[in-house]
Structures are given as C-alpha cells and as structure tokens.
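If you want the building blocks of each chain, they are given just below.
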Amino acid sequence: MRMKNRIKDLIAVMVILFVLMPTGISSDGMDKGVSESGMAVELYFKRLLHVIDVLKDVTTGLSLKEEARLAKVIVKESYASGLDPIFVLAMIETESSFYNWAVSQKGAMGLMQLLPETAGEIAERLGIEFYAEDALYDPNLNVKLGIH
C-alpha cells in the first residue's frame, strides 16, 4: 500500500512539472511581488511546492492537473498582490475547506466563497469578463478574484 502511494506521489509530481514546464518561470511570470534574485526565485518555488503539497492532501474536487494549475495561480496571484501564499491557503481552508464546489447558505461559491455580485464587481474592476455565476467554479478565476 505504501509503495502504491509513493508511485501516485511520483506521478503527481511528474504531472505538476509537466503543467509548469511549458510556461516556465521567469521574473515576469512571478509578477510584481518577486524580484529576479535567486533567493526570491527559491522562495517562490518553496511556496509553490508547499501549496502543491497541501492541495494533494485535501479533497478539492479537482483533477490532479487542475490542482497543479491552481497551485501556480495561488502563488502567482498572492505575490502579485503582496500576500503570502500561505495566508491565501489559510483563507481557502477557512472559507471552503479546499472544496472547489462549496456553496454557502448565503450563496457564496467556490474556493474563496465569493458572492456572485461581489465577484462581478471585482471582475469589472480588473477588466475580466464574468458572465455567469458558474464561472465561480473555475478555481483559477475564483482565487484570482478572491485575492483581490
């Protein structure tokens, strides 16, 4: 059983690396919050690996590939907004217990538990097209809007 879990973990890492490799990581890809210094890049990757590690141990309702993309968005958007990705993880845990399909009694949706009206206003300010409430189940959009 332990060997099966180890193989699954190795496959997960390979999938994650595949998802990250096409775009690469540069100082431009890390946005404002991370400079070109080696220490900043190292911290970026440490945070990215931490986020990946957290996501693999929770039930998100997402595929492994979607979780890998989500990890990248959490780290990138956190740094772009001057936030620590660990803080954003704590927010997601508090709001939705990491479950992408969560809906509150008040109608807040997704990982960051956004109300559709609020999400629409934030999207408009950011110049992001936002057509329907179901868009809040796109984890990358949800996290981007939730961070802002």
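Just above sits the structure.
Calculation criteria
Residues numbered from 1 in each chain as written. Predicted model: local features only at pLDDT ≥ 70, side-chain atom pairs only at ≥ 80, totals over all residues. Heavy atoms only, no water. Helix = DSSP H or I, 4+ residues; strand = E, 2+ residues; numbered from the N terminus. Buried < 20%, exposed > 50% of the residue type's maximum accessible area, 1.4 Å probe, protein only. Salt bridge = Lys/Arg side-chain N within 4 Å of Asp/Glu carboxyl O. Axes fitted to C-alpha atoms, helices over the stretch in contact; angles between N-to-C directions. Left-handed = near helix turned anticlockwise from the far one by under 90°. Contact = heavy atoms within 4.5 Å. Parallel < 35°, antiparallel > 145°, perpendicular 65-115°, else oblique. Nonpolar A, V, L, I, M, F, W, Y, C, P; charged D, E, K, R; others polar. Expected span 1.5 Å × (residues − 1). Arc of directions from axis to C-beta. Core = buried A, V, L, I, M, F, W, Y, C linked by side-chain atoms within 4.5 Å. Phe/Tyr/Trp six-rings, centres within 6.5 Å; stacked < 30°, edge-to-face > 60°.

1. Here's the deal with unusual backbone geometry
Non-glycine residue serine 97 carries a positive phi angle of around 55°. Position of serine 97 relative to the elements: it lies in the loop between helix 4 (85-96) and helix 5 (116-126). On the basis of relative accessibility, which here comes to 51%, the residue serine 97 falls in the exposed class. A positive phi angle is found at phenylalanine 98, which is not glycine, with a value near 70°. With respect to the secondary-structure elements, phenylalanine 98 resides in the loop between helix 4 and helix 5.

2. Points about the pattern of salt bridges
Here the structure, examined in full by the defined rule, presents five salt bridges. Note that glutamate 42 and lysine 46 form a salt bridge whose closest N and O atoms lie 3.3 Å from each other. Remark: lysine 46 and glutamate 42 occur in helix 2 (residues 38-56); sequence separation between them is four residues, near one turn of the helix. Here lysine 144 makes a salt bridge to glutamate 77, at a shortest N to O gap of 3.4 Å.

3. Here's the deal with the packing of helix 3 (residues 64-80) against helix 4
Relative to each other, helix 3 and helix 4 sit at 115°, their axes nearing to 8 Å. The way helix 3 lies across helix 4 gives a crossing that is right-handed. Residue-level inspection shows Ile74, Val75, Ser78 and Tyr79 of helix 3 in contact with helix 4, the latter providing Pro85, Val88, Leu89 and Ile92.

4. Let's talk about the packing of helix 3 against helix 6 (residues 139-147)
Orientation of helix 3 relative to helix 6, taken along the N-to-C sense of each, is 20°, at an axis distance of 9 Å. Comparing their axes, helix 6 and helix 3 come out roughly parallel. As for the relative orientation of helix 3 and helix 6, their crossing is right-handed in sense. Mapping the contact onto sequence places Arg69, Leu70, Val73, Ile74, Glu77 and Ser78 in helix 3 and Pro139, Asn140, Val143, Lys144 and Ile147 in helix 6. Split by residue class, the contact of helix 3 with helix 6 holds six nonpolar, two polar and three charged.

5. Observations regarding helix 4
Relative to the 16 Å expected for twelve residues at 1.5 Å per residue, helix 4 spans 16 Å between its end C-alpha atoms, a close match to the ideal helical length. Here helix 4 has its buried residues at Pro85, Val88, Leu89, Ile92 and Ser96. Within helix 4, the buried residues cover an arc of 105° as seen down the axis, which keeps them to one side.

6. Describing the nonpolar core
Core analysis: the largest hydrophobic core is formed by 29 residues, its most contacted members being Val51, Leu70, Ile74, Ile92, Val143 and Leu145. The element contributing the most residues to this core is helix 3, with six residues. When sequence neighbours within four positions are dropped, the list of residues in contact with leucine 145 reads Leu114, Ala119, Ile122, Ala123, Leu126, Ile128, Phe130 and Leu136.

7. Observations concerning the packing of aromatic side chains
Counted according to the given criterion, the structure contains three aromatic pairs. Consider the rings of tyrosine 44 and phenylalanine 45, whose centres lie 5.8 Å apart with planes at 85°: the pair is edge-to-face. The exposure class of phenylalanine 45 is partly exposed, given its relative accessible area of 34%. Taken together, a centroid distance of 5.2 Å and an interplanar angle of 40° make the contact between tryptophan 101 and tyrosine 137 tilted. Placement of tryptophan 101 in the loop between helix 4 and helix 5 and of tyrosine 137 in the loop between helix 5 and helix 6 is noted, with a sequence separation of 36 residues between them. When its relative accessible area of 38% is taken as the criterion, tryptophan 101 is described as partly exposed. Overall, tyrosine 137 belongs to the buried group, its relative accessible area being 17%. Taken together, the ring pairs in this structure connect Tyr44, Phe45 and Tyr79 into an aromatic cluster.

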